[in-house]
Amino acid sequence: QVQLVESGGGLVQAGDSLRLSCAASGRAFSTYTMAWFRQASGRAREFVAAFARSDNTYYADSVKGRFAISRDNAKNMVYLIMNSLKPEDTAVYYCAASQRVLVLSTPNYDYWGQGTQVTVSS
């Protein structure tokens, strides 16, 4: 069992930056692929970014060049650094983890956090 807890969400203005954190409690954190998804009101949950076991990172086209995912295995933490935020980034952001080989952008990860709200005003 892996438990994930997100934090760092809030209300910001367009163009601002924000860092989300995900704290993982469980064993073998370094063996997990970690990812961030988001779900806006009335929309399906969508892929944002992933940090694979290979240490390669992957991003949705909508956030490339603006967001960055990082992880600290010693602290069992994963982060999402968001820059140049836009109103369309408004959503609940979820941390996810999986030890299985999967398509990174699909929402079939084994473990999920409860989410943290990010609201970007115009």
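That block above? That's the structure.
The structure reproduced in this document is the subject of the present report.

What counts, and at which threshold
- Residues numbered from 1 in each chain as written.
- Predicted model: local features only at pLDDT ≥ 70, side-chain atom pairs only at ≥ 80, totals over all residues.
- Heavy atoms only, no water.
- Helix = DSSP H or I, 4+ residues; strand = E, 2+ residues; numbered from the N terminus.
- Rg over C-alpha atoms; globule rule 2.2 N^0.38 Å.
- Buried < 20%, exposed > 50% of the residue type's maximum accessible area, 1.4 Å probe, protein only.
- Contact = heavy atoms within 4.5 Å.
- Areas by Shrake-Rupley, 256 points an atom, 1.4 Å probe, with all protein chains shown as cover.
- Lys, Arg positive; Asp, Glu negative; His and termini not counted.
- Charge placed at Lys NZ, Arg CZ, Asp CG, Glu CD.
- Salt bridge = Lys/Arg side-chain N within 4 Å of Asp/Glu carboxyl O.
- Polar contact = N/O pair within 3.5 Å; in protein donor to acceptor, adjacent residues only side chain to side chain.
- 1 Å grid on protein atoms, 1.4 Å probe; cavity = no way out; pocket = protein on both sides within 12 Å on 5 of 7 lines; lining within 4 Å.
- Points joined across faces, edges and corners; volume = space filled by probe spheres on them.
- Pairing = 2+ DSSP bridges.
- Disulfide = S-S within 2.5 Å.

With respect to the overall build of the protein
In terms of regular secondary structure, the protein is built from zero helices and 11 strands. Order of helices (α) and strands (β) in the protein, N terminus to C terminus: β-β-β-β-β-β-β-β-β-β-β. On C-alpha atoms alone, the protein measures out to a radius of gyration of 13 Å, which is about the 14 Å that the 2.2 N^0.38 rule sets for 122 residues. Here the C-alpha coordinates of the protein stretch approximately 40 × 25 × 25 Å along the principal axes. A buried classification covers 43% of the 122 residues belonging to the protein. Pairs at least 24 residues apart make up 57% of the contacts formed inside the protein by residues separated by at least 6 positions. Surface summary for the protein: the accessible area is close to 6,300 Å², and the carbon and sulfur share equals 46%. If the 12 positive side-chain charges of the protein are averaged to one point and the 9 negative ones to another, these points end up 4 Å apart.

Topic: the environment of Gly42
Take Gly42: it is sitting in the loop between strand 4 (33-39) and strand 5 (46-51). Taking the C-alpha atoms as reference points, Gly42 and Tyr93, separated by 51 residues in sequence, lie 14 Å from one another.

Side note on the side chain of Arg71
One can find Arg71 in strand 7 (residues 67-72). The buried charged residue Arg71 lacks any salt bridge partner; its closest oppositely charged side chain belongs to Asp55, at an N-O distance of 5.8 Å. At 2.9 Å, the side chain of Arg71 and the backbone oxygen of Phe29 are in polar contact. Of note is the side chain of Arg71, whose polar atom sits 3.0 Å from the side chain of Asn73. In contact with Arg71, not counting residues within four places along its chain, are Phe29, Ser30, Tyr32, Thr33, Met34, Phe51, Ala52, Met77 and Val78.

As for empty space enclosed by the protein
One pass over the full model with this rule turns up one cavity of 30 Å³ or more. Reported here for the largest cavity is a volume of approximately 40 Å³.

Structural notes on the pairing of strand 11 (residues 116-121)
When a strand is regular, its side chains alternate between the sheet's two faces. Burial along strand 11 is one-sided: Thr116, Val118 and Val120 are buried, and none of Gln117, Thr119 and Ser121, which face the opposite way, are. As paired strands, strand 2 (residues 10-13) and strand 11 are joined by four bridges and run parallel to one another. Along strand 11, the bridge assignment pairs Val12 with Val120.

Digging into the state of the cysteines
For the structure shown, the criterion picks out one disulfide. Covalently, Cys22 is tied to Cys95 through a disulfide, its sulfur atoms 2.1 Å apart. Measuring handedness by torsion sign, the sulfur bridge of Cys22 and Cys95 sits at about -85° and is left-handed. Placement of the pair is Cys22 in strand 3 (residues 18-25) and Cys95 in strand 9 (residues 91-98), with a sequence separation of 73 residues.

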